Amino acid sequence: MSETTMTPAEVEAKLLRGPFHQWLGLKVTEVGDGTITITATWRPEWVVNADAGYTHGGILATLVDLTADWALVSQTGRGVPTVDMRVDYHRPAMQQDLTCKGRVVKSGKALSVCEAEIFDDQGRLLASGRGVYAMPKA
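**Quick word on the nonpolar core**
Counting residues in hydrophobic clusters, the biggest one holds 34 residues, and the most contacted among them are Leu 26, Ile 38, Leu 63, Leu 98 and Ile 118. Sorting the residues of this core by element identifies α1 (8-15), β1 (26-32), β2 (35-40), α3 (57-71), β6 (98-106), β7 (111-119) and β8 (125-134) as the ones contributing at least two each. The leading source of residues in this core is α3, at 9 residues. Sequence-distant contacts of Ile 38, defined by excluding residues within four places in its chain, comprise Leu 15, Leu 26, Lys 27, Val 28, Thr 29, Leu 66, Thr 67, Leu 98, Thr 99 and Cys 100.

Printed below as a string of structure tokens:
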């Protein structure tokens, strides 16, 4: 049950109020009822291993968290605080833009559960995770 319908541009404007989100180079490409797709523009500062050239897992965890969180935006109109989160890493993220897809699993009155998956430019799953988020009081 959606409380609000927002366009990708409206969600992106809210998301990019945060300087960290700006630094990540985020662009909201799709918003549905409990779903979101975000692209993250690759940055050289993401590299953790200069020889191998792959992205730090903390960046992937960040993308899982914020994508799952912002999947709730289609229902709440704003991001919500993370209560708990887990991330699984499936393969190294190399030097390329990333596609992040999130969805609401269960929207509750006090807590909601959302999932996110991070993909490379060839559609390969790099990381996935699930978060629990505190819902705003009415």
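**A few points about α1**
If you check which residues of α1 are buried, you get Val 11, Glu 12 and Leu 15. Mapping the buried residues of α1 onto a view down its axis gives an arc of 100 degrees, with all of them on the same face. Among the structural elements, α2 (19-23), β1, β2, α3 and α4 (73-76) are those in contact with the buried residues of α1.

**Side note on the side chain of Ser 128**
In this structure, Ser 128 sits in strand β8. A distance of 2.7 Å separates the side chain of Ser 128 from the side chain of His 90, its partner in a polar contact. Discounting chain neighbours no more than four positions away, the residues touching Ser 128 are Val 64, Arg 86, Val 87, Asp 88, His 90, Ala 116 and Glu 117.

Basis of the calculations
- Residues numbered from 1 in each chain as written.
- Predicted model: local features only at pLDDT ≥ 70, side-chain atom pairs only at ≥ 80, totals over all residues.
- Heavy atoms only, no water.
- Core = buried A, V, L, I, M, F, W, Y, C linked by side-chain atoms within 4.5 Å.
- Buried < 20%, exposed > 50% of the residue type's maximum accessible area, 1.4 Å probe, protein only.
- Helix = DSSP H or I, 4+ residues; strand = E, 2+ residues; numbered from the N terminus.
- Contact = heavy atoms within 4.5 Å.
- Arc of directions from axis to C-beta.
- Polar contact = N/O pair within 3.5 Å; in protein donor to acceptor, adjacent residues only side chain to side chain.

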